[in-house]
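A structural walkthrough
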Protein chains: 2
Amino acid sequence: MNQIELDSFDWRLLKALQTNARLSNVALSEQVNLSPSQCSRRLQRLEQHNLIEAYFTQLNASELGYQVTAFVNIALDKRQQNSDKDFKQTIEAIPEILECYSISGEANYWLKVISSDLPSLSIFLNESLGNLPYIQDLTSTIVLNRVKYSPYIPLPN
Amino acid sequence: MNQIELDSFDWRLLKALQTNARLSNVALSEQVNLSPSQCSRRLQRLEQHNLIEAYFTQLNASELGYQVTAFVNIALDKRQQNSDKDFKQTIEAIPEILECYSISGEANYWLKVISSDLPSLSIFLNESLGNLPYIQDLTSTIVLNRVKYSPYIPLPN
DNA sequence: CCTGAAACATAATGCAC
DNA sequence: GTGCATTATGTTTCAGG
């Protein structure tokens, strides 16, 4: 898409920012061995070239009352026209659905949802999702434990 | 766990930071209607109470050469001792595995992995993962399209 | 618990190289 | 394309309500 030449300084900047999005240019300059002003400029360049999609804060979900994570597989009824479009709009509007992907295989969509507890999850699955008219099949899996969460793209040196 | 009273200002701070982790205290103060100095203090308090787990930068994976995302379900061979521990160490060490959860149901673990392209994914699944001795079963699903990605915890007002 | 001002730190940019 | 110097912004402490 956008062709941009990245050098070792850029990789180091991206790496440092992946692990802490709030690093100042001074802090970055120490990690990448470049002057703060250059860090600032290069960062602007990386943002302009769309290599950085977002800076976001990961909150402690369980401290904030969301104790349960579940994965949901959904198959839509393809006979219904516009079901995909309606489905996507519905997905967007439900904040408990954090992620949604269309996938290969029998199910059409995979969702990551959070809920306060199991009873709430049950209600959510049955009412918010289960009642949608164009859903043919819905299966859910409860997350028992988070083993790894490091959404950091591997980068060269 | 940690009991901390959060008021409307705290919720607004967290909300603002979720969507942009790099907001300055001045910018935050405008969004939440509080002085910059108070934003700074409250933010420190929220961090100290562990409500904020990380500030991270989401990079454009496909621009950086990772065009393929896949989900992998893995069942471990329970007869092998210590297989869980070995497995977790292996998972941690492989950067292409971004997330891993232990889950209910037939499979033991669910993984999100990224790869440059389908041939690389195939090699990765067969060699890096498939060859582990304690794996009993491994199935993968290719992500066709990202419909929603907004890992923002729903918060009160 | 808050604001506002002062002292300090950092960011952005023009310029020389 | 980089570092340095300057000016503009931002951060944080502290006095005072």
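An unreviewed UniProt entry annotates chain A as Lrp/AsnC family transcriptional regulator originating from Marinomonas vulgaris.

**Here we look at the protein's contact with DNA strand C**
Inspection of the region around DNA strand C gives 13 residues, with N25, S37 and S40 of chain A together with Q38 and R42 of chain B positioned closest. By atom count, sugar and phosphate contribute 65% of the portion of DNA strand C lying within 4 Å of the protein. Between a phosphate oxygen of DNA strand C and a main-chain N or O atom of N25 of chain A, the distance comes to 2.8 Å. One nitrogen or oxygen atom from the main chain of V26 of chain A is found 3.1 Å from a phosphate oxygen belonging to DNA strand C. Taken together, the elements giving at least two residues each to the surface near DNA strand C come down to α2 (25–32) and α3 (36–48) of chain A together with α3 (36–48) of chain B. Ranked by residue count, the leading element in the surface near DNA strand C is α3 of chain A, at four residues. Looking at the surface near DNA strand C, its residues break down into three nonpolar, eight polar and two charged.

**Side note on the interface of chain A and chain B**
Accessible area lost when the parts come together is the quantity often used to give the size of an interface. On the side of chain B, 63 residues touch chain A, which itself brings 62 residues to the contact. A combined buried area of about 6,300 Å² lies between chain A and chain B, and 57% of that area is made up of carbon and sulfur atoms. Along the contact surface separating chain A from chain B lie four salt bridges. A salt bridge links R146 of chain A to E53 of chain B, with the shortest nitrogen-to-oxygen separation between them at 3.4 Å. Viewed at the interface, chain B and chain A are joined by 45 residue pairs in polar contact (both at pLDDT 80 or more). If you list the elements that add at least two residues to the side of chain A that touches chain B, you get α1 (8–19), β1 (52–59), α4 (83–93), β3 (97–103), β4 (109–115) and β5 (135–149) of chain A. Counting residues per element, the side of chain A that touches chain B draws most heavily on β5 of chain A, at nine residues. Partitioned by chemical class, the residues of the side of chain A that touches chain B number 39 nonpolar, 13 polar and ten charged. The sheet contact formed by β3 of chain A and strand β5 (residues 135–149) of chain B spans five bridges and is antiparallel. Paired with C100 of chain A across the bridge in β5 of chain B is K148 of chain B.

About the thresholds
Residues numbered from 1 in each chain as written. Chains lettered and ligands numbered in written order. Predicted model: local features only at pLDDT ≥ 70, side-chain atom pairs only at ≥ 80, totals over all residues. Heavy atoms only, no water. Near = heavy atom within 4 Å. Polar contact = N/O pair within 3.5 Å; in protein donor to acceptor, adjacent residues only side chain to side chain. Helix = DSSP H or I, 4+ residues; strand = E, 2+ residues; numbered from the N terminus. Nonpolar A, V, L, I, M, F, W, Y, C, P; charged D, E, K, R; others polar. Contact = heavy atoms within 4.5 Å. Buried area = accessible area lost by both parts, 1.4 Å probe. Salt bridge = Lys/Arg side-chain N within 4 Å of Asp/Glu carboxyl O. Pairing = 2+ DSSP bridges.

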